[in-house]
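A closer look at the structure
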Amino acid sequence: MARCFIFSAGTFYGLREAPRPGELVIAADAGLLHCRVLGITPSLVVGDFDSMEAPEEDVPTLRLPVEKDDTDSMRAIREGLARGCREFHLYGGTGGDRLDHTLAN
């Protein structure tokens, strides 16, 4: 079963399990900051970049429109599903400044 690790911009409590080499890691917008602190290079960065500047790292980036139906985290989940992942680990998906994102996640 393919696994996907998604790092969102909410409150981060630490890793329960770290991604293994070859597993899909997606940073949802400012979730990239959690990846940087952990020393994890994401496979993909997804976001509208309303909470941080678009990354300058050499990482594939999917820029989303600001006005959309899905949160950046939900789009990251959709990307993981499209790439065959069926097990997801979400970090930073709750808390933070956006109650609407906590509820959506």
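What comes next concerns the included structure.

Another point: the nonpolar core. One broad rule of soluble globular proteins: the nonpolar side chains tend to lie buried together. Ranked by size, the top nonpolar core spans 13 residues in total, and within it Phe7, Val25, Leu32, Cys35 and Val45 carry the most contacts. Those elements that provide at least two residues to this core are β1 (2-7), β2 (24-28) and α1 (31-38). Within the second largest apolar cluster, eleven residues are counted, among which are Ile26, Leu44, Ala76 and Cys85.

Another point: the state of the cysteines. In a disulfide, the sulfur atoms of two cysteines are covalently bonded to one another. Overall, the coordinates contain zero disulfides when judged by the stated rule. Here Cys4 stays unpaired: no disulfide links it, and the sulfur of Cys85, its closest cysteine neighbor, is 4.6 Å away. Judged by its relative accessible area of 0%, Cys4 falls in the buried class. What makes Cys85 buried here is its relative accessible area of 3%.

The next thing to look at is the sheet that holds strand β4 (residues 61-63). Within a sheet, neighbouring strands are paired by backbone hydrogen bonds and run either parallel or antiparallel to one another. The strand order across the open sheet formed by five strands is β4-β3-β2-β1-β5, and the pairing between neighbours is parallel. Since the sheet does not close on itself, it has two edges, and those belong to β4 and β5 (85-91), each with one partner. Along the sheet, successive strands turn relative to each other by an average axial angle of 20°, direction set aside. Pairing analysis gives three bridges linking strand β3 (residues 44-47) to β4, with the strands arranged parallel.

What counts as what
Residues numbered from 1 in each chain as written. Predicted model: local features only at pLDDT ≥ 70, side-chain atom pairs only at ≥ 80, totals over all residues. Heavy atoms only, no water. Core = buried A, V, L, I, M, F, W, Y, C linked by side-chain atoms within 4.5 Å. Buried < 20%, exposed > 50% of the residue type's maximum accessible area, 1.4 Å probe, protein only. Helix = DSSP H or I, 4+ residues; strand = E, 2+ residues; numbered from the N terminus. Disulfide = S-S within 2.5 Å. Pairing = 2+ DSSP bridges. Axes fitted to C-alpha atoms, helices over the stretch in contact; angles between N-to-C directions.

It is worth stressing that arrangement in space is one thing and function is another; only the former is reported here.
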